[in-house]
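# Geometric and topological summary
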Amino acid sequence: MKYLRLEPKRPRIGVFDFTSCEGCELQLANHEETLVPFLKAIEVVNFREVSSYKGEDYDIALIEGCISRDDEVGRIEKIRAQAKVLVAIGSCACFGGVNRLKNAYNLDEANKEVYGDKPKSTAKVRAIKEVVKVDLEIPGCPINKLEVERIVQCLAFEVPFNFPVYPVCVECKQRFTTCMMEKGQLCLGSIAQAGCNAPCPAGGLGCWGCRGPAPDHNFEEFMTLAKQRGFSEKEISERLGFFGGFEGRR
Amino acid sequence: MKLDLNVNVHHLTRVEGHGNIRVKVEGGEVKHASWDVVETPRYFEVMLKGKHYTTAGILTARICGICSIGHCLASIRASEDAMGVKIPDAAVKLRLLAKHGETLASHALHLFFLAAPDFVGLTSAIPLIDANPAVVGIAANLKGLGNRLCDAVAGRTTHPVSLQVGGVAQLPDREVLRKIAADLLASVPQLTATVELFKTFAIPDFKRETEFVALKGVDSYPWIGGDLASTDGVVKPEREYLAMTNEWVDDNNTTKWAKLSRESLAVGSLARVNVNYNLLRPEAKEIAKIFGLAPVNHNPYMNNVAQLVETVHVVYEIVDMIKEIVEWSDDVPVMAKVTPKAGRGVGAVEVPRGILYHCYEYDKDGRVVRADCIIPTTQNNLNIHHDMGALAKHFAKEGMTDDKLELLCSMLVRAYDPCISCSVH
Ligand code: SF4
Ligand code: SF4
Ligand code: SF4
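Since the model is a prediction, treat every value here as computed from it, not as a measurement.

### Some thoughts on the pattern of salt bridges
Residue and element names in this part refer to chain B. The tally for this structure, following the rule as stated, stands at 42 salt bridges over all chains. Between Glu 209 and Arg 262 there is a salt bridge, with its nearest N and O atoms 3.9 Å apart. Pair noted here: Glu 209 is in the loop between helix H8 (188–199) and strand E6 (211–215) and Arg 262 is in the loop between strand E10 (256–257) and strand E11 (265–266), with a separation of 53 residues, a long-range link. Of the residues examined, Glu 209 reaches a relative accessible area of 47% and is grouped as partly exposed. Measuring nitrogen to oxygen at the nearest pair gives 3.7 Å for the salt bridge that ties Lys 364 to Asp 365.

What follows is the structure, given as structure tokens:
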């Protein structure tokens, strides 16, 4: 399979899950039109959710999920030692994801609430980069398979991949979606990183910023506008804190 | 008999989440048999506290990547029950359509990619891409159709956006639906081929009597809301779900355990078929007959067959529903007005892996005071655990080896199509 007279490398990939909903892994098996070529373009050596074969000779590790228990630290360190490239996939891995909401509560009380007098081992939620070095982060809850395909193509041809610097609004406008802010809903599209193709506004829901902040965005302008439109500090702050991507910005 | 067997599976593969199997047979006698869930807990019930009713469904969808639509539906149903919201009839239908899309995608994923490799002696479906491209094509097509339907109705397959408290945010593009229905009808020969394929699979001969729990249909096979029923004759209204689950915390597991009239209970496709067999569509019943699936069937491996039967059921039902929906006028109401108020509400939904309950208590501003989510796999875990012992006993005979027993145990767990990270949430 040559492309531009170049023979692509078949990257040897391992997929590993930590604390998560496994929805990002599932995306890898989605987009059925290109599933077969996608699986042929890569070599899956370790992917517990879909294969019993457990190879340890992967070059690229795709990491889903966050770190929320002590035993996960040793596991991620071992994977880091093996992988040439470690990629965090999904908002859980990149920012902690919704799991991070747990950090607002006292862990003992949380345990009591759920498990009564038989508490289970748990720790404060951390993103992967807070524990080991991460080479590339693909945000999204869930990740966008089309974007993952583009990234894998780049990896296979060893060319750099660049995320869009503009916010979700740009992609939303390209789809001719009626603006959610005009409809009276709060939307983080003007500050969130594009690359998802704005599925939420198109489906009738303002953006929740699952991909974190866009490199090019005007936070103050957004805050002024949102408050002008009558959204409370509490509502805006809850939205910004939901997936963990805007940590420190609320 | 001097038969010694040892099975020790750490983090079973081809299932969602993390669980371990251990079986020890000494001198032909089962000394230990266990299924333990070691998944990291996420404490969703705690995270839900204080959340606004518009946020609960978005948050709880993230309990599970495979059945996020089911979680979202149970969540918004519980919220609507608490606030006394009656959603428009069109929204009821659209939600069911999204639900069917998820069932189709999820059953196809499980049957072809997670369960089937065991029956043909492979470690995964990936080698099939070269060895049997036709089967992979069928799997990708059926799963893809389910996903397309979810995208069209719910805005996205994993973590839906259009399913909101009050109804659905918008009418789906009817042209897209029409195309999906046409493609589904064109896939009927693929369903037949799938049935032929499954006929060649040797379903292990094993049974352990248990109590099956599912929604109880009235005039159609049930998916969203209604009474709860068990094959031992227990019937309760939706709001009394706690009487069907009786959860407790075990020392060795991060999942909770559940039971009803017996030592454990089972939910899922087999439970639904066992409780509602008569409400299956004729096309689906025909498939059940081919495989000898009739109520009450106590072979857990038959859950695979029950999923196949349900796949056929939903395919025909989707086609019929779309026929009706494309005739709707563009201004049919799909969203009801919601006024937050204090109260408690329950939503029970049949997700691919069995009955799911969400229950919320709201304050007058529409913020969650207390939340409870009871996941299908949570209800199944103890049943799997007890099956493991009975299975070891049943198969610990001359000629059994560690490898063969490990495969049987792994296939048993996979037959339940467990959603382990869900079960811990
Ligand atoms: S980022 Fe979202 S979809 Fe991905 S694993 Fe986390 S919760 Fe699931
Ligand atoms: S709906 Fe959101 S993303 Fe779309 S244009 Fe409006 S603010 Fe931007
Ligand atoms: S629109 Fe916003 S919330 Fe939706 S996928 Fe894109 S970044 Fe995430």
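Moving on from the coordinates now.
### A word on helix H6 (residues 145–157) of chain A
Residues and elements named next belong to chain A. Its 13 residues place the ends of H6 18 Å apart at the C-alpha level, agreeing with the 18 Å of an ideal helix rising 1.5 Å per residue. Lys 145, Glu 147, Val 148, Glu 149, Ile 151, Val 152, Cys 154 and Ala 156 are the residues of H6 that are buried. Its buried side turned inward, H6 meets helix H1 (23–28), helix H2 (35–41) and strand E5 (136–138). One side-chain oxygen of the residue at the start of H6 lies 3.0 Å from the amide nitrogen of Leu 146, identifying that residue as Asn 144. The first or second residue beyond H6 is Glu 158, which carries a positive phi of 55 degrees.

### Brief notes about a negative patch on the surface
On the surface, Asp 4, Glu 26, Asp 402, Asp 403 and Glu 406 of chain B cluster together into a patch of negative charge. Along the chain, the position of Asp 402 of chain B falls in helix H14 (residues 402–415).

### A few points about the sheet that holds strand E12 (residues 343–351) of chain B
Residues and elements named next belong to chain B. Strand order in the open sheet made by the three strands is E12-E13-E14, with antiparallel pairing throughout. Each having just a single partner strand, E12 and strand E14 (368–374) make up the two edges of the open sheet. Each neighbouring strand pair of the sheet contributes to a mean axis angle of 10 degrees, computed without reference to strand direction. By the bridge criterion, nine bridges tie E12 to strand E13 (residues 354–362) in an arrangement that is antiparallel. From the neighbouring strand, Gly 347 faces E13, where its bridge partner is His 358. This element, helix H13 (residues 376–395), spans E12, E13 and E14 of the sheet and lies at about 125 degrees to E13.

### Concerning the pairing of strand E3 (residues 29–37) of chain B
Residues and elements named next belong to chain B. Examined bridge by bridge, strand E2 (residues 19–26) and E3 share eight bridges and lie antiparallel to one another. By the bridge assignment, Gly 19 is partnered in E3 with Val 37. Between E2 and the antiparallel strand that follows it, E3, lie two residues; Gly 27 among them carries a positive phi value of about 55 degrees.

### Here we look at the site of ligand 3
Taken together, Val 168, Cys 196, Pro 199, Cys 200, Pro 201, Cys 207, Trp 208, Gly 209, Cys 210 and Arg 211 of chain A together with Arg 156 of chain B make up the full set of residues adjacent to ligand 3. Chain contributions to the surroundings of ligand 3 come from chains A and B. With three residues, helix H8 (residues 199–202) of chain A is the largest single contributor of residues to the shell around ligand 3. Looking at the shell around ligand 3 residue by residue, the classes come out as eight nonpolar, one polar and two charged.

### Considering the environment of Ser 124 of chain B
Within the secondary structure, Ser 124 of chain B sits in the loop between helix H4 (89–119) and helix H5 (128–131). Separated by 111 residues in the primary sequence, Ser 124 of chain B and Thr 13 of chain B place their C-alpha atoms 9.6 Å from one another. With near-sequence residues (within four places) excluded, Ser 124 of chain B lies in contact with Val 50 and Ser 51 of chain A together with Arg 14 and Pro 117 of chain B. In terms of polar contacts, Ser 124 of chain B uses its side chain to reach the backbone amide nitrogen of Ile 126 of chain B, at 3.0 Å.

### Some words on the site of ligand 2
Residue and element names in this part refer to chain A. Residues in contact with ligand 2, as listed here, are Cys 169, Cys 172, Lys 173, Cys 179, Met 180, Met 181, Cys 187, Gly 189 and Pro 201. Counting residues per element, the shell around ligand 2 draws most heavily on helix H7 (residues 168–174), at three residues. In the shell around ligand 2, the residues fall into seven nonpolar, one polar and one charged.

Parameters at a glance
- Residues numbered from 1 in each chain as written.
- Chains lettered and ligands numbered in written order.
- Predicted model: local features only at pLDDT ≥ 70, side-chain atom pairs only at ≥ 80, totals over all residues.
- Heavy atoms only, no water.
- Salt bridge = Lys/Arg side-chain N within 4 Å of Asp/Glu carboxyl O.
- Helix = DSSP H or I, 4+ residues; strand = E, 2+ residues; numbered from the N terminus.
- Buried < 20%, exposed > 50% of the residue type's maximum accessible area, 1.4 Å probe, protein only.
- Expected span 1.5 Å × (residues − 1).
- Contact = heavy atoms within 4.5 Å.
- Polar contact = N/O pair within 3.5 Å; in protein donor to acceptor, adjacent residues only side chain to side chain.
- Patch = residues over 30% accessible without salt bridge, like charges linked within 9 Å, V, L, I, M, F, W, Y side chains within 5 Å.
- Areas by Shrake-Rupley, 256 points an atom, 1.4 Å probe, with all protein chains shown as cover.
- Lys, Arg positive; Asp, Glu negative; His and termini not counted.
- Charge placed at Lys NZ, Arg CZ, Asp CG, Glu CD.
- Pairing = 2+ DSSP bridges.
- Axes fitted to C-alpha atoms, helices over the stretch in contact; angles between N-to-C directions.
- Near = heavy atom within 4 Å.
- Nonpolar A, V, L, I, M, F, W, Y, C, P; charged D, E, K, R; others polar.

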